[in-house]
Amino acid sequence: MNSIYNTLFEMMQDRGYSAEKKSTNNIELDDFNIVFTKNNTTCMIFYIHDTKVGINHIKSIIENLELKNCNNAIIIYSLAVTSFAKQFLDTSNYNIELFNENELFKNITKHYLVPKHKLLNKYDIKNLLENLQIKQINLPRVKKYDPISKYYGAQKNDVFEITRYDNDVKSLYYRLVY
């Protein structure tokens, strides 16, 4: 539980969110009831442990989001998500992300083979495309459900700037999220 908790905080910090972190080594399930804030937006965390995530769980989470006037949530689950729950999420107007707890045991961005990734804002994307004299569709692609895309919460048509070093030579690469 501690490693999932720590990775969650690192991930949300990398996304620009903040929240008060407990400084204990004995993290319990209730400690995952966290609300992260970034500017005027909030993201609520829900941890569903020891049961499949069904449509009733999703409806309950959406009710909580409506009560707190929040549009963003992350569901961490241990077993599986039913196909009906996934379909319901696809038709929902809420931005609800699903993470299996195995995906949060380790922070993938800290692996020595993973180069530094940064999501570009709309202004930077526009400048990049003008400088390269290409259209956005001509950029190499990365899937929205790629682990690094999920980690950063990338959406369709976002662009990653990837910084790689080879013999102390810095190279920039770009990937379009699809």
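Residues numbered from 1 in each chain as written. Predicted model: local features only at pLDDT ≥ 70, side-chain atom pairs only at ≥ 80, totals over all residues. Heavy atoms only, no water.

Colleague: Got a sec to walk through the overall build of the protein chain? Specific residues and values, please.
Modeller: Helix and strand counts for the protein chain stand at five helices and eight strands. Counted from the first residue to the last, the protein chain has its helices and strands arranged as α-β-β-α-β-α-β-β-α-β-α-β-β. When the backbone C-alpha atoms are referred to their principal axes, the protein chain occupies close to 50 × 40 × 30 Å. Looking at the protein chain as a whole, 39% of its 178 residues qualify as buried. A sequence separation of at least 24 residues applies to 60% of the contacts in the protein chain between residues at least 6 apart. When the accessible surface of the protein chain is totalled, it reaches about 11,400 Å², and 46% of it is carbon and sulfur. (Helix = DSSP H or I, 4+ residues; strand = E, 2+ residues; numbered from the N terminus. Buried < 20%, exposed > 50% of the residue type's maximum accessible area, 1.4 Å probe, protein only. Contact = heavy atoms within 4.5 Å. Areas by Shrake-Rupley, 256 points an atom, 1.4 Å probe, with all protein chains shown as cover.)

Colleague: Would you mind going over the sheet that holds strand E7 (residues 159-166) in detail, with residue names and values included?
Modeller: Read across the sheet, four strands follow the order E5-E7-E8-E6 without closing on themselves; strand pairing throughout is mixed. Bordering the open sheet on either side are strand E5 (116-119) and strand E6 (141-142), each of which pairs with just one other strand. Where E7 meets strand E8 (residues 169-177), eight bridges bridge the pair, whose relative direction is antiparallel. In the sheet register, Asp166 faces E8, and the bridge partner there is Val169. (Pairing = 2+ DSSP bridges.)

Colleague: Please set out the packing of aromatic side chains residue by residue, giving values where relevant.
Modeller: This model, assessed by the stated rule, comprises six aromatic pairs. With a centroid separation of 5.0 Å and 80° between ring planes, the pair formed by Tyr151 and Tyr152 is classed as edge-to-face. For the pair formed by Tyr151 and Tyr152, the shared burial category is buried. Note on Tyr152 and Phe160: the rings are 5.9 Å apart at their centroids and 65° apart in plane angle, and the pair reads as edge-to-face. Tyr152 gets classed as buried once you look at its relative accessible area, which sits at 15%. In this structure an aromatic cluster arises from ring pairing among Tyr5, Phe9, Phe32, Phe36 and Tyr47. Here the guanidinium or amino end of Arg141 rests over the ring plane of Tyr178, the centre of that ring lying 5.1 Å away. The positively charged end of Arg164 is found above the aromatic ring belonging to Tyr173, 4.6 Å away from the centroid. (Phe/Tyr/Trp six-rings, centres within 6.5 Å; stacked < 30°, edge-to-face > 60°. Lys NZ or Arg CZ within 6 Å of the ring centre and 35° of its normal.)

Colleague: Pulling in residues and values, what's your account of the pattern of salt bridges?
Modeller: A complete count under the given rule lists five salt bridges for this structure. A salt bridge links Glu103 to Lys150; its shortest N-O distance comes to 3.0 Å. Here Glu103, found in the loop between strand E4 (95-100) and E5, pairs with Lys150, found in helix H5 (residues 147-152); they are 47 residues apart in sequence, far enough to count as distant. For Lys150, a relative accessible area of 16% corresponds to the buried category. Where Lys122 meets Asp158, a salt bridge forms, and the shortest distance between an N and an O atom there is 4.0 Å. With Lys122 in helix H4 (residues 122-132) and Asp158 in the loop between H5 and E7, this pair connects stretches of sequence that are 36 residues apart. (Salt bridge = Lys/Arg side-chain N within 4 Å of Asp/Glu carboxyl O.)

Colleague: Describe the pairing of E4, and please don't skip the residues or the numbers.
Modeller: With five of six residues buried, E4 lies mostly within the body of the structure. You can see the chain leave strand E3 (residues 72-77), run along helix H3 (residues 83-91) and come back into E4, and the turn it takes is right-handed. (Right-handed = clockwise from strand over helix to strand, strands pointing away.)

Colleague: Now, about the layout of surface pockets: what can you tell me, with residues and values included?
Modeller: The space that makes up the largest pocket amounts to roughly 500 Å³. Lining the largest pocket are 18 residues; nearest its centre among them are Ile96, Glu97, Leu98, Lys144 and Tyr145. At the level of secondary structure, the elements contributing two or more residues to the lining of the largest pocket comprise H3, E4 and H5. Here the lining of the largest pocket takes five residues from E4, the largest share from any one element. Here the residues of the lining of the largest pocket are counted per class, giving eight nonpolar, four polar and six charged. As for the second largest pocket, its lining consists of 18 residues, of which Arg15, Tyr17, Lys38, Tyr152 and Gly153 are closest to the centre. (1 Å grid on protein atoms, 1.4 Å probe; cavity = no way out; pocket = protein on both sides within 12 Å on 5 of 7 lines; lining within 4 Å. Points joined across faces, edges and corners; volume = space filled by probe spheres on them. Nonpolar A, V, L, I, M, F, W, Y, C, P; charged D, E, K, R; others polar.)

Shape is all these values report; function is a separate question.
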